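Residue-level listing of the chains:
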Amino acid sequence: MAEIINLTELDLKSAGEGIKTGRFSARDLATAYLAKIETSNPKLNAYLEVFSDVLDQADLVDQKIKSGELSGPLAGIPIAIKDNILIKGRTVTAASKMLANYQATYDATVIEKLKSAGVIFLGRTNMDEFAMGGSTENSAYGPTKNPHDLDRVAGGSSGGSAGAVAGDLALVALGTDTGGSIRQPASYCGVVGLKPTYGAVSRYGVIAMASSFDQVGPLGKTVADVKAVFSVIKGQDKFDSTSQNSSVTIKIPKTFKIGVPEDFLKEGVDQEVMANFRTTIEKLKSAGHQIVKINLPNFHYALACYYILMTAEVSANLARFDGVRYGLRQDGKDMVEDYFLTRGAGFGKEVKRRIMLGTYVLSSGYYDAYYRRANNLRQLIKSDYLEAFKQVDVIITPTAPTPAFKIGENATDPLKMYLEDIFTVPANLAGVPALAVPTGKNQTGLPLGIQITAPHFGEDLLFSLGRELEA
Ligand code: GLN
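Residues numbered from 1 in each chain as written. Predicted model: local features only at pLDDT ≥ 70, side-chain atom pairs only at ≥ 80, totals over all residues. Heavy atoms only, no water.

Under an unreviewed UniProt entry, the protein has the name Glutamyl-tRNA(Gln) amidotransferase subunit A. According to its UniProt record, the protein has this under Catalytic activity (unreviewed entry): "L-glutamyl-tRNA(Gln) + L-glutamine + ATP + H2O = L-glutaminyl-tRNA(Gln) + L-glutamate + ADP + phosphate + H(+)". According to its UniProt record, the protein has this under Function (unreviewed entry): "Allows the formation of correctly charged Gln-tRNA(Gln) through the transamidation of misacylated Glu-tRNA(Gln) in organisms which lack glutaminyl-tRNA synthetase. The reaction takes place in the presence of glutamine and ATP through an activated gamma-phospho-Glu-tRNA(Gln)." (UniProt positions renumbered as here; feature names shortened; annotations may be inferred.)

A. Examining the site of the ligand more closely. Neighbouring the ligand are 15 residues, the closest being Thr178, Gly179, Ser181, Tyr306 and Arg354. Taking Ser181, its side chain carries an N or O atom lying 2.7 Å from an oxygen atom of the ligand. At 3.3 Å from an oxygen atom of the ligand is found a side-chain nitrogen or oxygen belonging to Tyr307. When residues of the shell around the ligand are assigned to their parent elements, the largest contribution, three residues, is made by helix H9 (residues 302-317). For the shell around the ligand, the class distribution of residues is five nonpolar, seven polar and three charged. (Near = heavy atom within 4 Å. Polar contact = N/O pair within 3.5 Å; in protein donor to acceptor, adjacent residues only side chain to side chain. Helix = DSSP H or I, 4+ residues; strand = E, 2+ residues; numbered from the N terminus. Nonpolar A, V, L, I, M, F, W, Y, C, P; charged D, E, K, R; others polar.)

B. View of the pattern of salt bridges. Using the criterion set out here, one finds 20 salt bridges in the structure. Here Arg124 makes a salt bridge to Asp83, at a shortest N to O gap of 3.0 Å. A residue pair is termed long-range when its members are at least 10 positions apart, and Arg124 in strand E3 (residues 120-125) and Asp83 in the loop between strand E2 (78-82) and helix H4 (109-117) qualify at 41 residues. In this structure Asp83 comes out as buried when scored by relative accessible area, which is 1%. (Salt bridge = Lys/Arg side-chain N within 4 Å of Asp/Glu carboxyl O. Buried < 20%, exposed > 50% of the residue type's maximum accessible area, 1.4 Å probe, protein only.)

C. Summary view of the packing of aromatic side chains. Scanning the entire structure with this criterion turns up 20 aromatic pairs. With a centroid separation of 5.4 Å and an interplanar angle of 90°, the aromatic rings of Phe264 and Phe299 are classed as edge-to-face. Here the residue Phe264 occupies a position in the loop between strand E9 (257-260) and helix H8 (271-286), and Phe299 occupies one in the loop between strand E10 (290-293) and H9, the gap between them amounting to 35 residues. There is no split in this pair, since Phe264 and Phe299 are both buried. Measuring from centroid to centroid gives 4.8 Å for Tyr306 and Tyr307, while their planes differ by 90°, and the two rings are edge-to-face. Both residues of the pair, Tyr306 and Tyr307, belong to the buried class. Here a set of aromatic residues connected by ring pairs shows up, and it is made of Tyr102, Phe130, Phe321, Tyr326 and Phe347. Positioned above the aromatic ring of Phe51, the side-chain terminus of Arg90 is 3.9 Å from the ring centre. When the ring centre of Phe213 is taken as origin, the NZ or CZ atom of Arg378, which lies over that ring, is 4.2 Å away. (Phe/Tyr/Trp six-rings, centres within 6.5 Å; stacked < 30°, edge-to-face > 60°. Lys NZ or Arg CZ within 6 Å of the ring centre and 35° of its normal.)

D. Looking closely at the UniProt feature "domain: Amidase" (unreviewed entry) in the protein. Within this structure's numbering, the places UniProt gives as "domain: Amidase" (unreviewed entry) are residues 29-462. Helix makes up 38% of residues 29-462 and strand 15%, whereas the separation of the span's terminal C-alpha atoms amounts to 30 Å.

E. Here's a closer look at the UniProt feature "active site" (unreviewed entry) in the protein. Taking the UniProt record as the reference, the feature "active site" (unreviewed entry) is found at Lys82, Ser157 and Ser181. Across 100 residues in sequence, these annotated residues keep their C-alpha atoms within 10.9 Å of one another, forming a single compact spot. Structurally, Lys82 can be placed in strand E2. On the accessibility criterion, Lys82 (0% relative accessible area) is buried. Discounting residues that sit within four places of it in the chain, Lys82 has contacts with Thr125, Met127, Ala131, Ser157, Ser158, Ser161, Leu174, Gly175, Thr176 and Ser181. In this fold, Ser157 is placed in the loop between strand E5 (149-153) and helix H5 (159-166). (Contact = heavy atoms within 4.5 Å.)

F. Just H8, in detail. The end-to-end C-alpha separation of H8 is 23 Å, in line with the 22 Å expected for 16 residues at 1.5 Å each. Taken residue by residue, H8 has Val273, Met274, Asn276, Phe277, Thr280, Ile281 and Leu284 as its buried positions. Viewed end-on, H8 has its buried residues packed into an arc of 160°, placing them on one side of the element. More than 90 degrees from the buried face of H8, the exposed residues found are Gln271, Lys283 and Ser286. (Expected span 1.5 Å × (residues − 1). Arc of directions from axis to C-beta.)

G. Seen up close, the pairing of strand E6 (residues 172-177). Of all six residues that make up E6, six are buried, and the element is covered over most of its length. Residues Val172, Leu174 and Thr176 of E6 are buried on one face, and the alternating residues Ala173, Gly175 and Asp177, pointing to the opposite face, are buried as well. For E2 and E6, the ladder comprises three bridges, and the chain directions are parallel. Paired with Ile79 across the strands is Val172, a residue of E6. Two elements, E6 and strand E8 (residues 215-220), share six bridges in a ladder whose sense is antiparallel. Directly across from Leu174, in E8, lies its bridge partner Pro218. (Pairing = 2+ DSSP bridges.)

H. Focus on the side chain of Asn126. Considering the arrangement of structural elements, one finds Asn126 in the loop between E3 and strand E4 (145-146). A distance of 2.7 Å separates a polar side-chain atom of Asn126 from the backbone oxygen of Gly142.

I. Representation of the sheet that holds E2 in the model. Strand order in the open sheet made by the eleven strands is E1-E3-E2-E6-E8-E7-E12-E13-E11-E9-E10, with mixed pairing throughout. Each end of this open sheet is capped by a strand with a single partner; those strands are strand E1 (47-50) and E10. If you compare each strand with its neighbour and ignore which way they point, the axes differ by 30° on average. Pairing between E2 and E3: five bridges, direction parallel. Bridge pairing in E3 places Ile79 opposite Phe121. Against the sheet, helix H7 (residues 223-233) engages E6, strand E7 (192-195), E8 and strand E12 (434-441), with an angle of about 145° to E8. (Axes fitted to C-alpha atoms, helices over the stretch in contact; angles between N-to-C directions.)

J. Molecular detail of a nonpolar patch on the surface. A cluster of nonpolar side chains, Tyr360, Tyr366 and Tyr370, forms an exposed patch at the surface whose accessible area comes to about 280 Å². Mapped onto the elements, Tyr370 comes out in helix H12 (residues 367-391). (Patch = residues over 30% accessible without salt bridge, like charges linked within 9 Å, V, L, I, M, F, W, Y side chains within 5 Å. Areas by Shrake-Rupley, 256 points an atom, 1.4 Å probe, with all protein chains shown as cover.)

Printed below as a string of structure tokens:
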């Protein structure tokens, strides 16, 4: 008889050891997660689908572990996958009605890598439709609730993945991050989330939102768990020409020079978030690290810059959902009416808003005023980082300006919603990696956290400092 598994205390290492030493099997572990999902998912709505073959997957992995075919750190580890990452033969919807019945015809590269590592896929997680949003309220299938307070959002767009990990409905999860969609929900739910360097992880088989920003990354309970998943999914892929192996040698300093962009932190940040950030700084100082005030002069424009470039790319990427090739189709009297009917019925409000904004900023006459200028600004923001990283090893800010907000609170005010992305979008604009780490709670018990940002391919710097913070 296998022991009763305490999911709350489990991390990747102890789960892996449990399986390897025979304290429990991959099947036992998967069974424990399925039981937890059955009781908790109706409350949280973290999963859109729990796969029916989870135990079959586990049996197969158990056999392979027994025969010695599988031995890595992810063998038998149950994982949740955001619903915009393709798993061959399974439904993938990007939480949109547009793709309600769409079946993936191939595996994303990250999925292929995870399969070879022997993970158990528990199911696909809820998200904002096509990853557009910061609360999972834009899902066509209802919002995910925050495990720390069911009246509040889990964040987004990878809210289902963050909620699943925080609520012990999965040990680790994959999300995607275009402007903060891994880090912000991680912060709201009190888990760790990594947005890797642009190009570190293949985007092949991931439903595109804004291709020059999108990255796949892991969410987990600890920095070590996130690091372990990242080392399996990263690497150059011939199917994604923007992917590459790191050629950077990172030296981990004994004590870090940590940049704090004071000017950027002034407006609109919740007092408890700021207090927690200051406490974290004091802790880092007493651990011997050096805090350096830095200047990032163009960061005030980052949010505007992101919402121009991102919507432009969204409008181009989502043109493919035309009723002909993928998913939903509504027939009209001619082809143009087919498009109107299909896209009118298939897309939700926020997706339509962004397609329209993006079409506008790319249209003749406005291209120069918006798209071109935003693109130039993107270069300036990148230079701000490069300049800063001449002085410091990493940069820290809060991950989000507020803790998780109430469901419905920001729903009618898109600008207020977009402001939640203020600290996360700069890393996507510049392609640098960033890690969200929980650093405490506010008075009502909601998780707060900080974000650490490193130079391109400096993930190991993030893991190293991140570990100290969670200790
Ligand atoms: N919240 C941001 C947005 O709405 C980020 C989305 C994302 O990273 N996918 O665009």
